[in-house]
Amino acid sequence: MFRLFSSNMAFFTHQIQRSFSSSVVRNVVIKNVTIIGGGQMGAGIAQVAASTGHSVTLVDMTDDILKKAMKGIQGSLRRVVKKKFSDDPESGDDFIQKVMQNVSTTTNPAAAVTTSDLVVEAIVENMKIKQDLFGFLDKMAPEHTIFASNTSSLPISDMASATSRPDRCGGLHFFNPVPMMKLVEVVATSSTSPETSESLLNFTKALGKTPVCCKDTPGFIVNRLLVPYMMEALRLHERGHGSKEDIDIAMKLGAGYPMGPFELSDYVGLDTIKFITDGWREKEPDNPLFAPSDLLNKLVAEGKLGKKSLEGFYKYSK
Ligand SMILES: CCCCCCCC(=O)CC(=O)SCCNC(=O)CCNC(=O)[C@H](O)C(C)(C)COP(=O)(O)OP(=O)(O)OC[C@H]1O[C@@H](n2cnc3c(N)ncnc32)[C@H](O)[C@@H]1OP(=O)(O)O
Ligand SMILES: NC(=O)C1=CN([C@@H]2O[C@H](COP(=O)(O)OP(=O)(O)OC[C@H]3O[C@@H](n4cnc5c(N)ncnc54)[C@H](O)[C@@H]3O)[C@@H](O)[C@H]2O)C=CC1
């Protein structure tokens, strides 16, 4: 009887402590956000976080890249306010100014994380480089800081294993273009604590996005379906069964997609798609969904990476 009572007491005490500690964690509102990588995704995430009142530090390797990122954010904000403040352009200008004031830039990641509540990693899709970054930042960031990766395809748990805080690591997978796309996949590994997941979910809602919860499986939900579709479109074209233009028109007008698979691949970046499929093929060499494409390999080898290099499947002007 006593044993039952004491184990019940222990259970209730644990529950009380748990609800107390999780409510404390829940009350930590993410305010200071550090974004590592100011490319197309990092700049977009910085823009949305700054637009929703967060204090953002954007980190990249050179000042020139950061200048380009800030210019991109300003250009994208202009497109947003043109719609949002269509009958009040002065308020639109004020909004842009306020948002830009919420973003600072640096090439020093160690300094950038010292007051950070959340770090969002959006650098190149390479596990070794991401692990090195996570391991380094782990030593620099405060105890409470949550680390999130925007990876398209790599296991979050492998990045978390480079840190001493796997319970405070998770995935925040945004979609391109970040200011327009409503979804964020919130990824929990088997080590991610419920409090971390909840903080990440709350953060995505504060950004005005719709989160879905994902397990730490290859491609989460969207890319596990989108990447095989895109590779199948490539193979269809390589077999000579359709021009890229016709395949794009077909999927837009026949399936209601806003972009066809070749347009979307150029938009995302052919190097990123190659990184993803090469990585998945290494793990599942016999899976025909991840079979290589000569055309994709050739374009990437030629530096034709899509819209960002002004040529991929199609040509683009600045
Ligand atoms: C291949 C799969 C492999 C996956 C590999 C990894 C990738 C990932 O991990 C996950 C991903 O992100 S997958 C990609 C997800 N994104 C998509 O599917 C985008 C599909 N496209 C669209 O939704 C529209 O074309 C879109 C919204 C982009 C543009 O809309 P429209 O087609 O109507 O064309 P526009 O005339 O250019 O734009 C209309 C208005 O939208 C606003 N806008 C667009 N881009 C913007 C941006 N970047 N910033 C701010 N506002 C923007 C804008 O109001 C624009 O009007 P204008 O400014 O007057 O042009
Ligand atoms: N392109 C897309 O549509 C999407 C990409 N992603 C993922 O987001 C991540 C970034 O992708 P993108 O923005 O497209 O790439 P990107 O090539 O446009 O930008 C990457 C940026 O990271 C910087 N960088 C690289 N290593 C760094 C380091 N150690 N420290 C600081 N900065 C560093 C680069 O200088 C570059 O500016 C990748 O993991 C990708 O898989 C996720 C969703 C969509």
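The model shown is predicted, which means the values in this text are computed figures rather than measured ones.

**Q** Explain the sheet that holds strand 1 (residues 32-36) residue by residue, including any values.
**A** Taken in spatial order, the eight strands make up an open sheet running 3-2-1-4-5-6-7-8, and their pairing is mixed. The open sheet has two free edges, formed respectively by strand 3 (103-106) and strand 8 (210-215), since each of these has just one partner strand. For this sheet, the mean inter-axis angle between neighbouring strands, taken without regard to orientation, is 25°. Where strand 1 lies against strand 2 (residues 55-59), five bridges are found, and the strand directions are parallel. Looking at strand 2, one finds that Asn32 is bridged to Ser55.

**Q** How would you summarise the site of ligand 1 if you had to cite specific residues and measurements?
**A** The full set close to ligand 1 counts 25 residues, and Ser76, Ser152, His173, Asn176 and Asn223 are the nearest of them. One nitrogen or oxygen atom from the side chain of Ser76 is found 2.6 Å from a nitrogen atom belonging to ligand 1. Separating an oxygen atom of ligand 1 from a side-chain N or O atom of Asn223 is a distance of 2.8 Å. Coverage of ligand 1 by the protein amounts to 74% of the 1200 Å² it exposes when considered alone. For the shell around ligand 1, the secondary-structure elements that each account for two or more residues are helix 3 (63-84), helix 9 (222-238), helix 11 (261-268) and helix 12 (270-283). Here the shell around ligand 1 takes five residues from helix 3, the largest share from any one element. Each residue belonging to the shell around ligand 1 can be placed in one class, and the counts come to 16 nonpolar, six polar and three charged.

**Q** Hey, could you go over the side chain of Thr192 for me, with residue numbers and the actual values?
**A** Topologically, Thr192 is positioned in the loop between strand 7 (183-188) and helix 8 (194-206). Overall, the relative accessible area of 10% leaves Thr192 in the buried class. There is a polar contact of 2.9 Å between the side chain of Thr192 and the backbone oxygen of Cys169. Residues contacting Thr192, with those up to four places away along its chain left out, are Pro166, Asp167, Cys169, Gly170 and Ser197.

**Q** Lay out the site of ligand 2 with the relevant residues and their values.
**A** As a matter of local geometry, ligand 2 sits amid 21 residues, with Met41, Asp60, Glu125, Lys130 and Ser152 nearest to it. In the model, an oxygen atom of ligand 2 is placed 3.2 Å from a nitrogen or oxygen of the Ile123 main chain. In terms of residue class, the shell around ligand 2 is made up of eight nonpolar, nine polar and four charged. When residues of the shell around ligand 2 are assigned to domains, at least three fall in each of domain 1 (32-215) and domain 2 (223-309).

**Q** Which residues make up the UniProt feature "site: Important for catalytic activity" (unreviewed entry) in the protein, and what values do they have?
**A** Following the UniProt record, one finds the feature "site: Important for catalytic activity" (unreviewed entry) at His173. Take His173: it is sitting in strand 6 (residues 169-173). The exposure class of His173 is buried, given its relative accessible area of 4%. Here His173 is in contact with Ser149, Asn150, Thr151, Ser152, Leu183, Val184, Glu185, Phe220 and Asn223, once residues within four sequence places are set aside.

**Q** Kindly report on the UniProt feature "binding site: NAD(+)" (unreviewed entry) in the protein, identifying the contributing residues and their values.
**A** UniProt records the feature "binding site: NAD(+)" (unreviewed entry) for Gly37, Gly38, Gly39, Gln40, Met41, Gly42, Asp60, Glu125, Lys130, Ser152, Asn176 and Lys308 in the present numbering. Within the element layout of this structure, Ser152 appears in the loop between strand 5 (146-149) and helix 7 (156-160). Apart from the residues within four sequence positions on either side, Ser152 is in contact with Glu125, His173, Gly219, Phe220, Asn223, Thr272 and Ile276. Take Lys308: it is sitting in the segment after helix 13 (294-301). Setting aside anything within four residues of it in sequence, one finds Lys308 in contact with Gln40, Gly269, Asp271 and Thr272. A polar atom in the side chain of Lys308 sits 3.1 Å from the side chain of Asp271.

**Q** Requested: an account of unusual backbone geometry, with residues and values cited.
**A** A cis amide bond links Asn176 to the next residue, Pro177, at an omega of 5°. The residue Pro177 is located in the loop between strand 6 and strand 7 in this model. Unusually for a residue other than glycine, Phe220 sits at a positive phi of about 50°. Among the structural elements, Phe220 can be located in the loop between strand 8 and helix 9. A relative accessible area of 6% places Phe220 in the buried class. The phi angle at Leu310 is positive, at roughly 70°, despite the residue not being glycine. Along the chain, the position of Leu310 falls in the segment after helix 13. Leu310 sits in the partly exposed class, given a relative accessible area of 33%.

Conventions we followed
Residues numbered from 1 in each chain as written. Chains lettered and ligands numbered in written order. Predicted model: local features only at pLDDT ≥ 70, side-chain atom pairs only at ≥ 80, totals over all residues. Heavy atoms only, no water. Pairing = 2+ DSSP bridges. Helix = DSSP H or I, 4+ residues; strand = E, 2+ residues; numbered from the N terminus. Axes fitted to C-alpha atoms, helices over the stretch in contact; angles between N-to-C directions. Near = heavy atom within 4 Å. Polar contact = N/O pair within 3.5 Å; in protein donor to acceptor, adjacent residues only side chain to side chain. Areas by Shrake-Rupley, 256 points an atom, 1.4 Å probe, with all protein chains shown as cover. Nonpolar A, V, L, I, M, F, W, Y, C, P; charged D, E, K, R; others polar. Buried < 20%, exposed > 50% of the residue type's maximum accessible area, 1.4 Å probe, protein only. Contact = heavy atoms within 4.5 Å. Domains from an automatic or database assignment. UniProt positions renumbered as here; feature names shortened; annotations may be inferred.

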